[in-house]
Amino acid sequence: MGLGLINSFACYCQWRATDLNVTKTALFTQGDDILSMILAFLILNEGKFITLKWGLGIILVMIAAALFVTAPTLIPQKVENKDFLEQHRKNDRAIWKWVMGYNLGWGLTSFMFRYLGLKGLSIFSFLPAWYGGSFMGSLFILCLSNKSEPSGKLMLRDIYPVLLLSLVVWVSLGLTYQAFTLAEVLKVRPIFQMGQVIIPLLIGLFIFKELKGFTRQGKLAMAIGLTGTIIIFSSI
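Every chain is numbered independently, its residues counted from 1 as its sequence is written. The model is predicted, so local features are restricted to residues of pLDDT at least 70 and side-chain atom pairs to those at 80 or more, both for listing and for counting; the totals for chains, interfaces and linings are taken over all residues. Here the side-chain values reflect all heavy atoms present in the structure, with hydrogen atoms and water set aside.

**Student:** Can you help me understand a nonpolar patch on the surface in this one?
**Tutor:** Like charges are joined within 9 Å and nonpolar side chains (Val, Leu, Ile, Met, Phe, Trp, Tyr) within 5 Å, but only among residues with over 30% relative accessible area and no salt bridge; these make up the patches. For the area figures, the Shrake-Rupley method with a 1.4 Å probe applies, and any residue is considered shielded solely by the protein chains shown. One side-chain nitrogen of Lys or Arg within 4 Å of one carboxyl oxygen of Asp or Glu is enough to make a salt bridge. A contiguous nonpolar patch, built from Tyr131, Leu164, Leu165, Leu167, Val168, Val169, Trp170, Val171 and Leu175 and spanning about 860 Å² of accessible area, is present on the exposed surface. Broken down by element, the nonpolar patch gets its largest block of residues, eight residues, from helix H7 (residues 156-182). Within the secondary structure layout, Trp170 lies in helix H7. Exposure remark for Trp170: the relative accessible area of 42% places this residue in the partly exposed category. In this text, helices come from DSSP runs of H or I with a minimum length of four residues, and strands from runs of E with a minimum of two, each type numbered from the N-terminal end. Each residue gets one of three labels from its accessible area relative to the maximum for its type: buried under 20%, exposed over 50%, partly exposed in between, using a 1.4 Å probe on protein chains only.

Encoded structure:
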């Protein structure tokens, strides 16, 4: 249930980051994967799965992160509104804060999936405790949110899509936990990493047209980060 509390905070951070920029959030999703793999290496002695190729992929991902953080802000042409420019820069700074929050939260919980699986905790015990903690965490977030936090009522017509999405997420989490129960973190995480990066990246680039918001340095970072992700995935 404690992990569920952490998950609620991480989920909130991920929502806030995605609201600002889907593409950048997707590219930095591998932070939680790297953290969970480092913990597995240090605590669960999974170092035997590390190869030179795997290490190269990690290095490329870290280089991409550094390039993204130091990339200048791309300002659209013919924009002279100072408030718009400041808001643009503020959003860029906020993304890193939210990304850091959910990477730390989900990096820890992903590692604990494997740890609890090795301890014999069944999926039927795990899921109720996880969602019980997540529900309590969501209540804390609701109570602590300020008045400026965007909110709205869920319309009756929206309930069914949300229920369907909830069912998909519930099944996905159950399969994730089962995967960590059956295999090592350093084998499982790269597989998840590919899906978490590639699919949202394509959505951000081609549906929300976010590529135009990248500088040359940002585009280079995106290419390097994507290459590193593919190398990590191919090294398992």
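**Student:** Honestly, the packing of aromatic side chains in this entry has me stumped. Any pointers?
**Tutor:** Two numbers describe a pair of aromatic rings. These are the distance of the centres and the angle of the planes. Aromatic pairing here means that ring centres of Phe, Tyr or Trp (its six-membered ring) are within 6.5 Å. Orientation follows from the plane angle: under 30 degrees is stacked, over 60 is edge-to-face, and everything else is tilted. Across all of its chains, the model carries 10 aromatic pairs by this definition. Between Phe113 and Trp130, the ring centres sit 5.4 Å apart and the planes meet at 65 degrees, which makes this aromatic pair edge-to-face. One end of the pair, Phe113, is in helix H5 (residues 82-118); the other, Trp130, is in helix H6 (residues 123-144), and 17 residues separate them in sequence. Trp130 sits in the buried class, given a relative accessible area of 5%. One aromatic cluster is present, built from ring pairs that chain together Phe113, Phe126, Trp130, Tyr177, Phe180 and Phe192. The ring centre of Trp98 lies 4.7 Å from the NZ or CZ of Lys97, which sits over that ring. For a ring to carry a charge above it, either NZ of a lysine or CZ of an arginine must fall within 6 Å of the ring centroid while also lying within 35 degrees of the normal to the ring plane.

**Student:** Whenever I open this one, the pattern of salt bridges confuses me. Can you help?
**Tutor:** Following the criterion strictly, the structure yields three salt bridges and no others. Two residues, Asp33 and Arg189, come together in a salt bridge whose shortest N-O distance is 2.5 Å. Taken together, the residues Asp33 in helix H3 (residues 30-43) and Arg189 in helix H8 (residues 185-206) connect sequence positions 156 residues apart. Across the pair, exposure class does not vary: Asp33 and Arg189 are buried alike. Between Arg114 and Glu46 there is a salt bridge; the shortest N-O distance is 3.9 Å. Pair noted here: Arg114 is in helix H5 and Glu46 is in the loop between H3 and helix H4 (52-70), with a separation of 68 residues, a long-range link. In terms of burial, Arg114 and Glu46 fall into one category: buried.

**Student:** I would appreciate a short explanation of the environment of Leu211 in the present structure.
**Tutor:** Tracing the backbone through its elements, the reader meets Leu211 in the loop between H8 and helix H9 (216-234). Taking C-alpha positions, Leu211 is 9.8 Å from Lys24, a pair spaced 187 residues apart along the chain.

**Student:** Explanation requested: the nonpolar core in the structure shown.
**Tutor:** Note that soluble globular proteins tend to have their nonpolar side chains buried in a common cluster. By nonpolar core is meant a set of buried Ala, Val, Leu, Ile, Met, Phe, Trp, Tyr and Cys residues that side-chain atoms within 4.5 Å join together. The biggest cluster of nonpolar side chains holds 24 residues, and the ones touching the most others in it are Phe113 and Phe126. What Phe113 contacts, discounting residues up to four positions off in sequence, is Phe126, Trp130, Leu173, Thr176, Tyr177 and Phe180. Formed by 12 residues, the second largest nonpolar core is a distinct cluster that contains Phe28, Trp96, Tyr102 and Trp106. When checking whether two residues touch, look at their non-hydrogen atoms; a contact exists if any pair is within 4.5 Å.

**Student:** In this structure, what is going on with the state of the cysteines? I would like to understand it.
**Tutor:** Working definition of a disulfide: a covalent bond connecting the sulfur atoms of two cysteines. Disulfide assignment relies on a single distance test, namely cysteine sulfur atoms paired within 2.5 Å. By the definition in use, this model includes zero disulfides. Of all cysteine sulfurs, the one in Cys13 lies closest to Cys11, which takes part in no disulfide; the gap is 9.3 Å.

**Student:** Help me understand the side chain of Asn103, please; the structure alone is not making it clear to me.
**Tutor:** Along the chain, Asn103 falls in helix H5. Think of a polar contact as two N or O atoms within 3.5 Å of one another; within protein, one of them needs to be a possible hydrogen donor and the other a possible acceptor, and neighboring residues in sequence only count if both atoms come from side chains. One polar contact links the side chain of Asn103 to the main-chain amide nitrogen of Asp32, over a distance of 2.9 Å.

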